[in-house]
Each structure stands twice: as structure tokens, then as C-alpha cells.
Amino acid sequence: MENNVLSPLMQRFISHFGEMGSRWGINRTVGQIYALLYICGRALNADEIAEYLSFSRSNVSMGLKELQSWRLVKLLHKPGDRREYFEPPGDIWDIFKVLLEERRRREIEPTLSMLRDALLESPGGRDDKEVQKRMREMYELIELSSSWFDDVQRLSPETLVSLMKMGSKVKKLLDVRDKFRVGGANEKD
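Residue indices begin from 1 for each chain and proceed along its sequence in written order. Predicted model: local features are reported for residues with pLDDT of at least 70 only, side-chain atom pairs are reported and counted for 80 or more only, and whole-chain, interface and lining totals are derived from all residues. Where side-chain values are given, they derive from all heavy atoms of the structure, hydrogens and water being excluded.

- The name given to the protein in an unreviewed UniProt entry is HTH-type transcriptional regulator, and the organism recorded there is Herbaspirillum frisingense.
- In its Sequence similarities (unreviewed entry) section, the UniProt entry covering the protein states "Belongs to the GbsR family." UniProt positions are given in the numbering used here, feature names are shortened, and annotations may be inferred rather than shown by experiment.

1. Remarks on the overall build of the protein
At step 1: Under the scheme used here, helices are H or I runs from DSSP no shorter than 4 residues and strands are E runs no shorter than 2 residues, and both carry numbers assigned from the N terminus. Looking only at helices and strands, the protein has eight helices and three strands in total.
At step 2: Seen in sequence order, the protein has helices and strands lined up from the N terminus as α-α-β-α-α-β-β-α-α-α-α.
At step 3: We take the radius of gyration over the C-alpha atoms and set the globule estimate at 2.2 Å times the residue count to the 0.38 power. For a compact globule of 189 residues, the expected C-alpha radius of gyration is about 16 Å, and the protein comes in at 23 Å, more than 25% above that figure.
At step 4: For the protein, the C-alpha atoms occupy an extent of roughly 80 × 45 × 30 Å along the three principal directions.
At step 5: Taking all 189 residues of the protein together, 30% fall into the buried category.
At step 6: Any pair of residues with heavy atoms lying within 4.5 Å of one another is described as a contacting pair. Here the analysis covers contacts within the protein between residues at least 6 apart in sequence; of these, 54% occur between residues at least 24 apart. Summary of the burial criterion: residues with accessible area below 20% of their type's maximum are buried, those above 50% are exposed, and those between are partly exposed, where the area comes from a 1.4 Å probe applied to protein chains only.

2. What to know about the packing of helix α3 (residues 46–53) against helix α4 (residues 57–69)
A packed helix pair is summarised by two numbers, namely the angle formed by the two axes and the spacing between the axes.
At step 1: The contact between α3 and α4 brings their axes to 9 Å, and the two run at 115°. Relative to α4, the crossing made by α3 is right-handed. Facing α3, whose interface residues are A46, D47, I49 and A50, α4 presents R57, V60 and L64.
At step 2: Taken together, the residues that form the contact of α3 with α4 break down as five nonpolar, no polar and two charged. Fitted lines through C-alpha atoms serve as axes, helices being fitted only where they are in contact, and the angles separating the N-to-C directions of these axes extend from 0 to 180 degrees. Put simply, a crossing is left-handed when the front helix is turned counterclockwise from the back one by less than a right angle, and right-handed when it is turned clockwise. Under the grouping applied here, Gly and all other residues not named as nonpolar or charged are polar, the nonpolar ones being Ala, Val, Leu, Ile, Met, Phe, Trp, Tyr, Cys and Pro and the charged ones Asp, Glu, Lys and Arg.

3. As for the side chain of Q132
At step 1: With respect to the helices and strands, the residue Q132 is situated in helix α6 (residues 126–153).
At step 2: Sequence-distant contacts of Q132, defined by excluding residues within four places in its chain, comprise A118, L119, E121 and P123.

4. Let's talk about the packing of aromatic side chains
Each aromatic ring pair is described using two quantities: the centre-to-centre distance and the angle formed by the ring planes.
At step 1: To pair, rings of Phe, Tyr and Trp, with the six-membered ring standing in for Trp, must have centres within 6.5 Å; the planes then decide the type, stacked if under 30 degrees apart, edge-to-face if over 60, and tilted in the middle. Going through the model one piece at a time under the given rule, you end up with three aromatic pairs.
At step 2: Put simply, the rings of F13, F17 and Y38 pair up and form one aromatic cluster.
At step 3: Here K78 stacks its cationic end above the ring of Y85, 4.2 Å away from the centre of that ring.
At step 4: Between the NZ or CZ atom of R106 and the centre of the ring of W70, over which it lies, the distance is 4.1 Å. Here, a charge over a ring means that NZ of Lys or CZ of Arg falls within 6 Å of the ring centre while also lying within 35 degrees of the ring normal.

5. Considerations on the nonpolar core
At step 1: Formed by 27 residues in total, the largest nonpolar core has its most connected members in I33, L36, L37, I49, L53, V60 and L64.
At step 2: Put simply, the parts of the chain that give this core at least two residues each are α1 (8–23), α2 (28–40), α3, α4 and α5 (92–120).
At step 3: Among the elements that take part in this core, α2 stands out by supplying seven residues, more than any other.
At step 4: Listed in part, the five residues of the second largest apolar core include L112, L115, Y139 and I142. Throughout this description, the term nonpolar core refers to a set of buried Ala, Val, Leu, Ile, Met, Phe, Trp, Tyr and Cys residues connected via side-chain atoms within 4.5 Å.

6. Quick notes on a negative patch on the surface
At step 1: Surface patches are defined over residues having more than 30% relative accessible area and no salt bridge, joining like charges when they lie within 9 Å and nonpolar side chains (Val, Leu, Ile, Met, Phe, Trp, Tyr) when within 5 Å. Using a 1.4 Å probe, the Shrake-Rupley method yields the accessible areas, and only the shown protein chains count as cover for residues. In the sections that follow, a salt bridge refers to a side-chain nitrogen of Lys or Arg positioned within 4 Å of a carboxyl oxygen of Asp or Glu. The positive count covers Lys and Arg only, the negative count covers Asp and Glu only, and His and the chain ends enter neither. In this description, the location of a charge corresponds to atom NZ of lysine, CZ of arginine, CG of aspartate or CD of glutamate. The grouping of D117, E121, D127, D128, E130, E137 and E140 at the surface amounts to a negative patch.
At step 2: Broken down by element, the negative patch gets its largest block of residues, five residues, from α6.

7. Considering the sheet that holds strand β1 (residues 44–45)
At step 1: Taken in spatial order, the three strands make up an open sheet running β1-β3-β2, and their pairing is antiparallel. This sheet does not close on itself; its edge strands, each paired only once, are β1 and β2 (74–77).
At step 2: Strand pairing is assigned whenever DSSP detects at least two bridges linking the two strands. Where β1 meets strand β3 (residues 84–87), two bridges bridge the pair, whose relative direction is antiparallel. Bridge pairing in β3 links N45 to Y85.

8. Structural notes on α3
At step 1: Among the eight residues that make up α3, six are buried, leaving the element largely enclosed by the rest of the structure.
At step 2: Those residues of α3 not exposed but buried are A46, E48, I49, A50, Y52 and L53.
At step 3: Considering only its buried residues, α3 is in contact with α1, α2, β1, α4 and β3.
At step 4: The term polar contact refers here to a pair of N or O atoms within 3.5 Å; inside protein, the definition further demands a hydrogen-donor-capable atom paired with an acceptor-capable atom, and it admits residues adjacent in sequence only when both atoms are side-chain atoms. Capping the start of α3 is the job of one residue whose side-chain oxygen sits 3.0 Å from the backbone nitrogen of D47: N45.
At step 5: Positive phi shows up at S54, right after α3, with a value of about 55°.

Following this line, the structure appears as C-alpha cells:
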């Protein structure tokens, strides 16, 4: 990035992230700041970010605070420089995991908490019993997904890549397993 000028390719990436950010629950400015930090390859201070993106300094400051609250950027200080510098995690898998953890903390955990509380209430009638039954199904599905997510979080990036590349092969493997279970059960009868 020569002379603080972004290439057309960089501009396209940053613009796209701004548009996608609004679909992911963050505003356009925050998405663009993150995209710049990600592709830049070095820590930037708020003034540099504002200059690259033609944003006001106050918008950049607010965007950086939001990114810090999501744990998507870390604050750095350089010796002899009083300015604060920001950079995203270096590993793409760390970014992926942080995003998933934050979404879980902000969206899934409050839903589980509400469902737990609702399931502890005494049903007021037959309708409430049916509602609680459906809520319990939802709670169990979310809990199962959360448990799986915890397991995935502990995997190394290499193992995650292998798992993702397996794709539909996992389903085929489970189908074969189920055929053996069904066949083995019929032979015992």
C-alpha cells in the first residue's frame, strides 16, 4: 500500500466487507475497518485508518471500540510512539473461532438462558405444556449444537481443515454405519 492509497482490488474487498458487515450484525464502517486491518498485513493507528478509508476520526474510534468488544482486533503500542495501533489476530482460524465464540455469547447463550427459565415454570394449562415441549426440543437442539461447537473449538486448524474437506463423506460413513447396525440387529432376531 504505497502512499496510503488502496489498489482497486483492496477497495473492492473493503467495500464488500462493509456491505457484508451489515448482514452479519455490524455496521458498514466497522466491516470496512476490519477488512482494511485484515488485508493490510501490519498494525495501523486510527489516523492511518481514517486516511485510507476517508472516514472521520470519530467514526474510526467508534468502529475500533466495537471491534475490540468483539475481540477481533488487539491494541498495540510501539516504543517511542504514543499512538495506539490495531491489528487483527494473525491466524485466519483464530479469527473464525473468535467470531463463532462471540456470536454464541451474544446470541445463543441468552436464548438458552431464556429457554431454561421458561422450562422451569409450571405450565398454566395444556397449551403451555405443548409450548414447553416445543421449547424443550429447541433447547436440546441448541445444547447439542453448543456441545459440538465446544468440541470443534478444541480442534487444531489442520484437523478442522481435514474435517471440513470431508464434507458429505461423513454422511456416507454414517449411512454405512447405520446399515451395519440395522443388519446386525436383524441377524440377532
